[in-house]
Amino acid sequence: MNRILISLLILLTSLAVSGQKTVNQTDPQGRKQGFWQKRDTAGKLVYEATFRDDRPVGEMKRFHPNGKLKAVMLFAEKSDSATSRLFDEKGKLIAEGLFVGQKKEGEWKNYSEEKLISTEQFSNGVKNGQSKRFYTTGELLDESNWQNGKQHGLYTAYDKAGHKYLDCMYANGFSHGMCIAYYPNGAMESEGTYQNNLRHGDWNYYTTDEKLSYTLKYDQGVLMNPEVLDSVQSKELDESEKGRIIDPEQFMSDPAQYIMQNRKSN
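One structure accompanies this document, and this report is about it. Only a predicted model underlies this, so the values are computations on that prediction, with no experimental measurement involved.

### Describing the pairing of strand E15 (residues 164–171)
Pairing geometry for strand E14 (residues 153–158) and E15, over six bridges, is antiparallel. From the neighbouring strand, Gly153 faces E15, where its bridge partner is Tyr170. Once E14 ends, the chain turns through five residues before running back antiparallel as E15, passing Gly162 with a positive phi of about 90°. Relative to strand E16 (residues 174–182), E15 is paired through five bridges, and the arrangement is antiparallel.

Written as structure tokens, this is what we have:
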């Protein structure tokens, strides 16, 4: 009877051991093979993945120190490219896109509270191409163009009703070239030019019916006719006109915030 019990215990132990995953194995060449788990010095799980000849294959999961999922990466066969989803420490999705090696490639989508807030284009880990941002309610906020990690080309901003609010040119990360603001009806509100982030030349301001209201003259960022601006600011404006005079300094430093403040009724 005792022999039968001992044999049964040995069999059950053998079955239990054989049912467990073999982890963290290497081949004679020292290459990772099969299922791997990495833990930090405190014993917390850092990642788990399957390897073949030292390359991750299939799904890899990474974890935050609090144990929440940090990333899920799906590796292509015989490739170091991985379709990836990234999560914050609460487990909420914050970004998704493609890694090639450890560098971002192609379109990446960014989220806040799991709502899409922006899209960006990458090439070899560097921003290149068009980027878009969105209001928290989903409407397009602005579009910008990037070259080698710097804003370059046309920047366009929209209010929440979809009306174009701003067109400005950039070069190598600086405001450079024509900058035009629009009223909600599409009429030009102001126009001027930047040179290396400084207002330069005539900045013209118009009424809603496209009549020239006044002109501010700049020389490499220095206002040459401050008396005109003083006169405009001292005028008594009725409630419908308040806030409509655009300060170039304001809308260029943070056009998104300026739009939301001035068109929050939309």
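We are not done yet, so read on.
### Remarks on a nonpolar patch on the surface
A grouping of Leu154, Met169 and Met178 is seen on the molecular surface, where their side chains present a nonpolar patch of about 230 Å² in accessible area. Relative to the assigned elements, Leu154 resides in strand E14.

### A short note on the state of the cysteines
As used in these notes, a disulfide is a covalent bond between sulfur atoms, one from each of two cysteines. Using the criterion set out here, one finds one disulfide in the structure. Disulfide partner of Cys168: Cys179, at an S-S distance of 1.9 Å. Taken as a pair, Cys168 in strand E15 and Cys179 in strand E16 lie far apart in primary sequence, eleven residues in all. Given a relative accessible area of 1%, Cys168 falls into the buried group.

### Digging into the packing of aromatic side chains
Scanning the model with the defined rule gives six aromatic pairs in all. With a centroid separation of 5.0 Å and an interplanar angle of 65°, the aromatic rings of Phe99 and Trp108 are classed as edge-to-face. On the accessibility criterion, Phe99 (13% relative accessible area) is buried. Owing to a relative accessible area of 0%, Trp108 belongs among the buried residues under this scheme. Ring plane angle 65° and centroid distance 6.2 Å describe the contact between Tyr155 and Tyr170, whose orientation is recorded as edge-to-face. Taken together, the positions of Tyr155 in strand E14 and Tyr170 in strand E15 put the pair 15 residues apart, joining distant regions of the chain.

The rules we used
Residues numbered from 1 in each chain as written. Predicted model: local features only at pLDDT ≥ 70, side-chain atom pairs only at ≥ 80, totals over all residues. Heavy atoms only, no water. Pairing = 2+ DSSP bridges. Helix = DSSP H or I, 4+ residues; strand = E, 2+ residues; numbered from the N terminus. Patch = residues over 30% accessible without salt bridge, like charges linked within 9 Å, V, L, I, M, F, W, Y side chains within 5 Å. Areas by Shrake-Rupley, 256 points an atom, 1.4 Å probe, with all protein chains shown as cover. Salt bridge = Lys/Arg side-chain N within 4 Å of Asp/Glu carboxyl O. Disulfide = S-S within 2.5 Å. Buried < 20%, exposed > 50% of the residue type's maximum accessible area, 1.4 Å probe, protein only. Phe/Tyr/Trp six-rings, centres within 6.5 Å; stacked < 30°, edge-to-face > 60°.

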